[in-house]
Amino acid sequence: DQQVKQNSPSLSVQEGRISILNCDYTNSMFDYFLWYKKYPAEGPTFLISISSIKDKNEDGRFTVFLNKSAKHLSLHIVPSQPGDSAVYFCAASATAGGTSYGKLTFGQGTILTVHP
Amino acid sequence: DTAVSQTPKYLVTQMGNDKSIKCEQNLGHDTMYWYKQDSKKFLKIMFSYNNKELIINETVPNRFSPKSPDKAHLNLHINSLELGDSAVYFCASSQVGVYEQYFGPGTRLTVT
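Below or above, wherever it landed, is the structure these notes cover.

**Quick notes on the overall build of chain B**
Alright, step 1. For chain B, the helix and strand inventory stands at zero helices and 11 strands.
Alright, step 2. Shown N-terminal to C-terminal, the secondary structure of chain B runs as helices and strands in the order β-β-β-β-β-β-β-β-β-β-β.
Alright, step 3. The globule rule puts the C-alpha radius of gyration for 112 residues at 13 Å, and the 13 Å found for chain B is close to it.
Alright, step 4. Overall, the C-alpha framework of chain B stretches about 40 × 30 × 25 Å when taken along its three principal axes.
Alright, step 5. Every one of the 112 residues in chain B was classed for burial, and the buried ones make up 46%.

Right, here's the structure in full:
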């Protein structure tokens, strides 16, 4: 039972264009969402996050949008650069009683390739 | 200076053996985790420790036993290794009440 799904296994974009990575979730208890980036033979690194009380969070070239009614979030990278080529994981967490117990549920990842 | 480190990076062993993977973090975090990335690339949490105390224990076979000698270390011991244990194991850490977790480089375990 995959509660977090990234339905696009891969995405290819041209340098300078926008990359849009999508993520859907089914558990309505999720209230915090994160995107991680992973290079080969390395661990995932935190990129950007969003709380369910917001619908948008921006950090430089990276923006995450959250649509709670659709249980959908997306990561926009503008402009895309070749160094952005990596696997991107969406993750979600549910806060219980005001405390994060730290359990992150991950999607299966999307391979982004940015061509020069 | 590595924030979260794991040893070894690669581990090849035979079925039935017992092996350990070590994890150390120098971020001063209180909470540490073990994740397994299977062949389908899903990252799934296995265990979580907060200040040496187990707080998350997902449905993991009893052959897997985490041990936390102090809050900077969380080791994973696996008994009677099986072919299905082949995967990449990631250690992570975070501060209490903070969602963002910092991951180690992973340990690729291959059971033959």
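**Remarks on the sheet that holds strand β1 (residues 4-7) of chain B**
All names here are of chain B.
Alright, step 1. With respect to topology, four strands assemble into an open sheet ordered β1-β3-β8-β7, the strand pairing being antiparallel. The open sheet terminates on both sides in strands that have one partner only, identified here as β1 and β7 (64-70). The average angle at which neighbouring strand axes cross in this sheet is 20°, direction not considered.
Alright, step 2. Of the pairings in the sheet, the one linking β1 to strand β3 (residues 19-25) comprises four bridges and is antiparallel in character. Residue pairing across strands places glutamine 6 opposite cysteine 23, the latter belonging to β3.

**Thoughts on a nonpolar patch on the surface**
All names here are of chain A.
Alright, step 1. Together, Ile18, Ile20 and Val78 give the surface a local cluster of nonpolar side chains, amounting to about 220 Å² of exposed area.
Alright, step 2. Along the chain, isoleucine 20 turns up in strand β3 (residues 19-25).
Alright, step 3. Relative accessible area serves as the criterion here: at 37%, isoleucine 20 is assigned to the partly exposed category.

**Thoughts on the environment of glutamine 14 of chain A**
All names here are of chain A.
Alright, step 1. Here glutamine 14 is to be found in strand β2 (residues 10-14).
Alright, step 2. Considering only alpha carbons, one finds glutamine 14 and glutamine 81, 67 residues apart in sequence, at a separation of 8.3 Å.
Alright, step 3. With near-sequence residues (within four places) excluded, glutamine 14 lies in contact with Ser80, Val114, His115 and Pro116.
Alright, step 4. Side-chain polar atoms of glutamine 14 contact the backbone oxygen of proline 116, separated by 3.1 Å.

**Describing unusual backbone geometry**
Alright, step 1. In the segment running from valine 78 of chain A into proline 79 of chain A, the intervening peptide bond is cis, with an omega of -10°.
Alright, step 2. For proline 79 of chain A, the position within the fold is in the loop between β8 (72-77) and β9 (86-93).
Alright, step 3. Between threonine 7 of chain B and the following residue, proline 8 of chain B, the backbone shows a cis peptide bond with an omega angle of -5°.
Alright, step 4. Note on placement: proline 8 of chain B falls in the loop between β1 and β2 (10-13).
Alright, step 5. The backbone of alanine 41 of chain A shows a phi angle near 65°, a positive value even though the residue is not glycine.
Alright, step 6. Inspection of the secondary structure puts alanine 41 of chain A in the loop between β4 (32-38) and β5 (45-51).
Alright, step 7. Of note, lysine 71 of chain A is a non-glycine position whose phi angle comes to about 50°, a positive value.

**Some words on the interface of chain B and chain A**
Alright, step 1. The interface of chain B with chain A comprises 21 residues on the first partner and 23 residues on the second.
Alright, step 2. When the two sides are added together, the surface that chain B and chain A hide from each other amounts to roughly 1800 Å², 62% of it contributed by carbon and sulfur.
Alright, step 3. Looking only at chain B, the three residues that lose the most surface to chain A are Phe42, Leu43 and Tyr99 of chain B, adding up to 36% of its buried area.
Alright, step 4. Counting across the chain B and chain A interface gives one salt bridge.
Alright, step 5. The closest approach of N and O atoms between lysine 103 of chain A and glutamate 58 of chain B, which form a salt bridge, is 3.1 Å.
Alright, step 6. The tally of links from chain B across to chain A stands at five residue pairs in polar contact (both at pLDDT 80 or more).
Alright, step 7. Going through the elements one at a time, β4 (31-37), β5 (43-50) and β6 (53-57) of chain B are the ones with two or more residues in the side of chain B that touches chain A.
Alright, step 8. Element by element, the count of residues in the side of chain B that touches chain A is highest for β5 of chain B, at four residues.

The rules behind the values
- Residues numbered from 1 in each chain as written.
- Chains lettered and ligands numbered in written order.
- Predicted model: local features only at pLDDT ≥ 70, side-chain atom pairs only at ≥ 80, totals over all residues.
- Heavy atoms only, no water.
- Helix = DSSP H or I, 4+ residues; strand = E, 2+ residues; numbered from the N terminus.
- Rg over C-alpha atoms; globule rule 2.2 N^0.38 Å.
- Buried < 20%, exposed > 50% of the residue type's maximum accessible area, 1.4 Å probe, protein only.
- Pairing = 2+ DSSP bridges.
- Axes fitted to C-alpha atoms, helices over the stretch in contact; angles between N-to-C directions.
- Patch = residues over 30% accessible without salt bridge, like charges linked within 9 Å, V, L, I, M, F, W, Y side chains within 5 Å.
- Areas by Shrake-Rupley, 256 points an atom, 1.4 Å probe, with all protein chains shown as cover.
- Salt bridge = Lys/Arg side-chain N within 4 Å of Asp/Glu carboxyl O.
- Contact = heavy atoms within 4.5 Å.
- Polar contact = N/O pair within 3.5 Å; in protein donor to acceptor, adjacent residues only side chain to side chain.
- Buried area = accessible area lost by both parts, 1.4 Å probe.

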